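# Remarks on the overall topology
Residues per chain, in single letters:
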Amino acid sequence: MSSPVPPPWSAARASRLPPVLAVVAVVALLALPVAADGGGGGGGAHPADAVSALVVLYCVLRLVRDRRRPLSRAAAVVLGLPVLGLAVAATGAVSPGAGITGLGRYLQVFVLVPAAVLLLIRDRGDVRLLARSMVGLGLWQGAVGVHQYATGTGASYQGEQIRAVGTFGPQDVMGMATVVSLGLVCAVGLALGHAPARRRALAAGCALALLLPLALSFSRGAWIATAVTCAAQLLLSGVRRALAVGAAAVAAGVVLVGGFGLGTAMLQERVGSITQVADAPDQSVTDRYTMWEAAVGMWRERPLTGVGLKGFPEHRDGHASLALSSGSETDGAGAGYHRQPLLSPHNMYLLVLAEQGLIGLLALAGSWLALLVLGLRRLRAVGRTRRTGTDCGLVACGLLVWQLTDFAYADIGGPSTVLTAVCFGLAAWWALGPGAGAGTEAEPVAGAGTEAEPVAGTGTAAEPVAGTRTQAKPVAGTRTQAKPMAGTEAGPGVGAGTGAEPGTEEVPVR
């Protein structure tokens, strides 16, 4: 008599779903349009931020239910290190409300959500699922951005509404650039791994498709961070591969730009402006360097503790020169004209230095550096054994390198900031997770004639030996499984009476 089939959405089936789907939901929510009057640079809450808080709560409930240790000692130290500087800076904030708001935001991005992501990822399959969701988000936002450029419905740039901003609106012009860049980094990492050729080709195609919307974002910081990260991923995957891909990229660029003349004059001018720091820089560059000087001035005033969380806007005018403009102008992409005040130095390191002082910067940067060193060390170890987890390491380390590079040109703010927390969580799992570097996905050796079968309820599993043509088959009730002898054909072992241990039998593989 057959057992009844459970309904499609039964509680049993729901419990078997990977917990990382909760993090995937946060990524998916960033595809929703941002309200024109908030969300972006205005600092309003986005649905993804609310769901990230629910993800943390969900992770806590799972820990309580399973009664397991939340984090290892190393993970607790590395992820908890920023709390020291944040607590000190919160006490020196201009107001209790500002201190609480700033503390909550920093804890969300750099402590709580990364810890939840680390705990909800079970294995490398979950990492690939999360990476693919970020690639999908980048493709969606990139498609919207290319349509905005082609139809003249994007954000205003030099008097024309052509800047690709996706669904983030003109007040968060960095949102689409961030999402597309992170999706491109994930695609490159997946393409450079040891997956089947079809999957690697698909990932490489997604990476190439994301180059166009990234260019149309006109975001110089995202360009620099993406170029540095992709170069690092190539080098980590092999010097020969890096040289080959680099030569192909240069040749393609020469043909496309020089031969076919691709690339608008505005795009070429934007690329050229990267090097124009002292020689006639544009107003955005002038504003950025002026705010950097103001941040350094705040740090010199209070070198150890800084001016307090959320204190940069309050102390900006007292340290900025007259070269600073009153704000940036935004228009287009479905929103009206708006003058947006400059409330941060657009440099994460200088923002932390100004508001949290040396204590906060050393705590945060120390945590990030520990993740980077541990992640690169594990990636090197996995690369030596040619395991299939190389793609996960390239994705995790690539996302961390992108964030640390981009922090030289940007800081946290806007809906896309929740992706920063997810990136740090992925990096934390790879660097500190117990199963990240485990050899559970050994790459198959060409020509091997065996395959180990899992034994239900047993303590050990058969380990195939290269060159064998036998397979140990378990007998019900046993807790051991015979290991085949190299060079045998299901016969007795040399010097043995039967060739198998008690309770097992050897069957030739046909």
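All values derive from a computational prediction rather than experimental measurement.

## Notes on the overall build of the protein
A tally of helices and strands in the protein yields 17 helices and six strands. With 510 residues in all, the protein has 45% of them scored as buried. Intrachain contacts of the protein at a sequence separation of at least 6 include 72% that bridge at least 24 residues. Counting only carbon and sulfur atoms, one obtains 64% of the accessible surface of the protein, whose full area is about 24800 Å².

## Comments concerning the packing of aromatic side chains
Under the criterion given, the structure shown has 12 aromatic pairs. For the pair W368 and F407, a centre-to-centre distance of 5.3 Å together with 40 degrees between the ring planes defines the contact as tilted. Of this pair, W368 sits in helix α15 (residues 348–385) while F407 sits in the loop between α16 (390–406) and α17 (417–432); the two residues are 39 residues apart in sequence, bridging distant segments of the chain. Overall, the relative accessible area of 3% leaves W368 in the buried class. Through pairs of rings, three or more aromatic residues link up here, namely Y106, F110, Y349, W368, F407 and F424.

## Overview of a nonpolar patch on the surface
Taken together, the side chains of L84, L304, L358, I359 and L362 make up a nonpolar region of the molecular surface, amounting to roughly 460 Å² of accessible area. Mapping L362 onto the fold places it in helix α15.

## Topic: α16
For α16, which comprises 17 residues, the first-to-last C-alpha distance of 24 Å matches the rise-based estimate of 24 Å (1.5 Å per residue) to within 8%. α16 sits mainly inside the fold: 17 of its 17 residues count as buried.

## Points about the nonpolar core
Y106, F110, L130, M134, M348 and L399 are the most contacted members of the largest nonpolar core, which totals 112 residues. Every residue in contact with M348, bar those within four places of it in the chain, is listed here: Y106, F110, W368, F407, A410, D411 and I412.

## Describing unusual backbone geometry
Glycine aside, a negative phi is what most residues show, and trans is what most peptide bonds show. Positive phi values are uncommon outside glycine, yet F218 reaches one of about 55 degrees. Structurally, F218 is set in the loop between α9 (197–216) and α10 (220–237). The phi torsion at K310 lies on the positive side, around 60 degrees, for a residue other than glycine. Looking at the secondary structure, you find K310 in the loop between α13 (283–301) and α14 (312–319). The partly exposed category is assigned to K310, whose relative accessible area is 42%.

## Examining the packing of helix α7 (residues 124–151) against α16
Contact geometry for α7 and α16: axes closest at 10 Å, N-to-C directions at 50 degrees. When the interaxial angle is binned, α7 and α16 end up oblique. Judged by the twist between their axes, the crossing of α7 over α16 is left-handed. Facing R124, V127, R128, A131 and M134 of α7, the residues of α16 in contact are D391, C392, V395 and L399. By residue class, the composition of the contact of α7 with α16 is six nonpolar, no polar and three charged.

## Considerations on helix α6 (residues 96–120)
Here α6 contains 25 residues, and its C-alpha end-to-end distance of 33 Å stays within 8% of the 36 Å for a straight helix at 1.5 Å per residue. At Q108, α6 shows its strongest bend, of approximately 55 degrees.

## Some thoughts on the pattern of salt bridges
A full pass over the atoms with the stated rule returns five salt bridges. Its salt-bridge partner being R122, residue D126 comes within 3.2 Å of it at the nearest N-O pair. You can call D126 buried: its relative accessible area is 4%. Judged by relative accessible area, which is 48%, R122 ranks as partly exposed. For the salt bridge of R316 with D317, the shortest nitrogen-to-oxygen distance reads 3.0 Å. A relative accessible area of 13% places R316 in the buried class.

## Let's talk about the environment of L351
As for its position among the elements, L351 is in helix α15. Taking the relative accessible area as the measure of exposure, L351 reaches 7% and is therefore buried. Separated by 10 residues in sequence, L351 and L361 place their C-alpha atoms 9.2 Å apart. Every residue in contact with L351, bar those within four places of it in the chain, is listed here: Y106, F312, P345 and D411.

What counts as what
Residues numbered from 1 in each chain as written. Predicted model: local features only at pLDDT ≥ 70, side-chain atom pairs only at ≥ 80, totals over all residues. Heavy atoms only, no water. Helix = DSSP H or I, 4+ residues; strand = E, 2+ residues; numbered from the N terminus. Buried < 20%, exposed > 50% of the residue type's maximum accessible area, 1.4 Å probe, protein only. Contact = heavy atoms within 4.5 Å. Areas by Shrake-Rupley, 256 points an atom, 1.4 Å probe, with all protein chains shown as cover. Phe/Tyr/Trp six-rings, centres within 6.5 Å; stacked < 30°, edge-to-face > 60°. Patch = residues over 30% accessible without salt bridge, like charges linked within 9 Å, V, L, I, M, F, W, Y side chains within 5 Å. Salt bridge = Lys/Arg side-chain N within 4 Å of Asp/Glu carboxyl O. Expected span 1.5 Å × (residues − 1). Core = buried A, V, L, I, M, F, W, Y, C linked by side-chain atoms within 4.5 Å. Axes fitted to C-alpha atoms, helices over the stretch in contact; angles between N-to-C directions. Parallel < 35°, antiparallel > 145°, perpendicular 65-115°, else oblique. Left-handed = near helix turned anticlockwise from the far one by under 90°. Nonpolar A, V, L, I, M, F, W, Y, C, P; charged D, E, K, R; others polar. Bend = angle between axes of the 7 residues up to and from the residue.

Purely spatial values, then, with no claim about function.
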